[in-house]
Amino acid sequence: MNLKPFLASLLVCRIAVLSAGTLVYKTGGKEEEHTVSKITIISIDKKLITVKHNDGIRTIPLNNVVSYYDTDISSGGEFADNTCDYSISIRKLEMPETGYTIKREKSRKYKKVSNCEIEFSITKKYEKGKSNSVRMPYFYLFVLTTSTEAYGRRPIYTYCYPDEAKISSKTYDEAKILEAVTAMKRSRIYYNSRSDFGANGKLSLSGDYKPIEISLKGIRDRRIIAYHLDVWGKNKIIATKDWRDIRYTVGRDWWKRY
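Summary of the structure given here. Starting from 1, residues in each chain are numbered consecutively following that chain's sequence as written. Only residues with pLDDT of at least 70 get local features here, since the model is predicted, and only at 80 or more are side-chain atom pairs given and counted; chain-wide, interface and lining totals rely on the full set of residues. To get the side-chain values, take all heavy atoms of the structure and skip hydrogens and water.

1. Some thoughts on the overall build of the protein chain
(1) Moving on: Under the DSSP-based scheme used, a helix requires at least four consecutive residues in state H or I and a strand at least two consecutive residues in state E, with every element numbered from the N terminus. Per the secondary structure count, the protein chain includes two helices and 17 strands.
(2) Moving on: In what follows, residue pairs with any heavy atoms lying within 4.5 Å of each other are defined as contacts. Contacts in the protein chain between residues far apart in sequence, at least 24 positions, make up 65% of those at least 6 positions apart.

Pasting the structure below:
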C-alpha cells in the first residue's frame, strides 16, 4: 500500500474536523482485517494514527491501515483488543475491623474512613503480534458487615478500583462488570514506560508488587465479617480472594445476594 496519497487524504480530513468516519485496519499480526465506524481522527504522525471511538483512544501504526472513509459504514464494529493476557498474584490484602479507624492527634482523637490495602503483581503473557501493553486490572471488592438492628439484614457494600471500573448496579452484576471490562476506554498499562499506576508509575517484566487502597466509605462503625475480591484481567476473572469471620454464619456466594 502506498501511504503517501492515503496520508495526504487523512490530513485533509483532519483539517475538516471529522465527526465520524470508518477505518479499515489489520491487527498486529496483520492476518485479519477489522472495520470500525464512528471514529474521529485525533492526530497523525509519520508512523502512527490516533483515533477516538466510543470515548476511548486508540493508536494504530499507519502500516496497518488499509483504508479510511469519511462516512460511517453500518457494519463497522469495535476495535480488536490487541493487548496481552496476564496473570495476577496477590501478596497482601489488609482489611480493617470496621469502616472507621480511630486516629489520635495530640490531645484529641477522631474517626477516619478506613482503607482496604492490597499489594499485587502482574505477569504478562507473551503473545506474538500483540501490543506491549495490558489492560488495567479491575478490582471488585464486596464487603459484608453486621447489621445495625438486632435481627436486621446484613448489608453488602460494593467497591471498585480504579474509578473507571464503576458500574451502575449496586448489587453483583457480572454482565455489567464484563461490559466495563471490555470497554475500549479501559486504560492500558505499558511495560517499562510511565503510567499513573503503582508506586513509581511503572510496570516491569520482573513483576514488582504494587500497592492500591480502596476507601471503605459507608460502612461506618459496622464490623466487617466477610469480604470477597474479584480481579478481572483482559476479559475474565484472573484472581479471587475470600475471608470470613468464623464467629459468624455466612452463606455461600453471599456477595451475589440481591
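Moving on from the coordinates now.
2. Observations concerning the nonpolar core
(1) Moving on: By size, the foremost hydrophobic cluster in this structure holds 42 residues, and its most contacted members are Met-95, Ile-118, Tyr-140, Leu-141, Val-143 and Leu-216.
(2) Moving on: Contributions of two or more residues to this core are made by strand 7 (86-94), strand 10 (115-124), strand 12 (138-145), strand 13 (156-161), helix 2 (174-181), strand 15 (210-215) and strand 16 (224-232).
(3) Moving on: Ignoring sequence-local partners within four residues, the contact set of Met-95 consists of Cys-116, Leu-141, Val-143, Leu-216, Ile-224 and Tyr-227.
(4) Moving on: Ranked by size, the runner-up nonpolar core spans twelve residues in total, among them Tyr-25, Ile-39, Ile-44 and Val-51. For our purposes a nonpolar core is just a set of buried Ala, Val, Leu, Ile, Met, Phe, Trp, Tyr and Cys residues, chained together by side-chain atoms within 4.5 Å. Throughout, exposure labels follow a simple rule: accessible area from a 1.4 Å probe, protein chains only, divided by the maximum for the residue type, with under 20% read as buried, over 50% as exposed, and the rest as partly exposed.

3. Brief notes about the sheet that holds strand 2 (residues 33-36)
(1) Moving on: In short, DSSP must find at least two bridges between two strands for them to pair. Across the sheet, which stays open at both edges, the three strands sit in the order 2-1-6 with antiparallel pairing between neighbours. Unpaired on one side and paired on the other, strand 2 and strand 6 (65-69) mark the two borders of the sheet. Ignoring which end each strand starts from, the neighbouring axes of this sheet average 10° apart.
(2) Moving on: Both strand 1 (residues 22-26) and strand 2 contribute to a ladder of four bridges, which runs antiparallel. The axes are straight lines fitted to the C-alpha atoms, using for helices just the contacting stretch, and the angles between their N-to-C directions are given from 0 to 180°.

4. Side note on the sheet that holds strand 12
Consider a sheet: its strands pair through backbone hydrogen bonds, and that pairing is either parallel or antiparallel.
(1) Moving on: Spatially, the four strands line up as an open sheet ordered 13-12-16-17, and their pairing is antiparallel. The open sheet has two free edges, formed respectively by strand 13 and strand 17 (237-244), since each of these has just one partner strand. If you compare each strand with its neighbour and ignore which way they point, the axes differ by 15° on average.

5. Topic: the pairing of strand 12
(1) Moving on: Of all eight residues in strand 12, eight are buried, a share of seventy percent or more.
(2) Moving on: Neither face of strand 12 is left uncovered, since the one carrying Tyr-138, Tyr-140, Phe-142 and Leu-144 and the one carrying Phe-139, Leu-141, Val-143 and Thr-145 both have all their residues buried.
(3) Moving on: Pairing analysis gives eight bridges linking strand 12 to strand 16, with the strands arranged antiparallel. Among the inter-strand pairings, Val-143 is bridged to a residue of strand 16, identified as Tyr-227.

6. Focus: unusual backbone geometry
(1) Moving on: Cis geometry marks the peptide bond from Tyr-161 to Pro-162; its omega dihedral reads -5°.
(2) Moving on: Phi at Arg-220 is positive, roughly 60°, even though this residue is not glycine.
(3) Moving on: Positionally, Arg-220 belongs in the loop between strand 15 and strand 16.
(4) Moving on: Taking the relative accessible area as the measure of exposure, Arg-220 reaches 56% and is therefore exposed.
(5) Moving on: Although it is not a glycine, Asp-253 sits at a positive phi angle of roughly 55°.
(6) Moving on: By the secondary structure assignment, Asp-253 is in the segment after strand 17.

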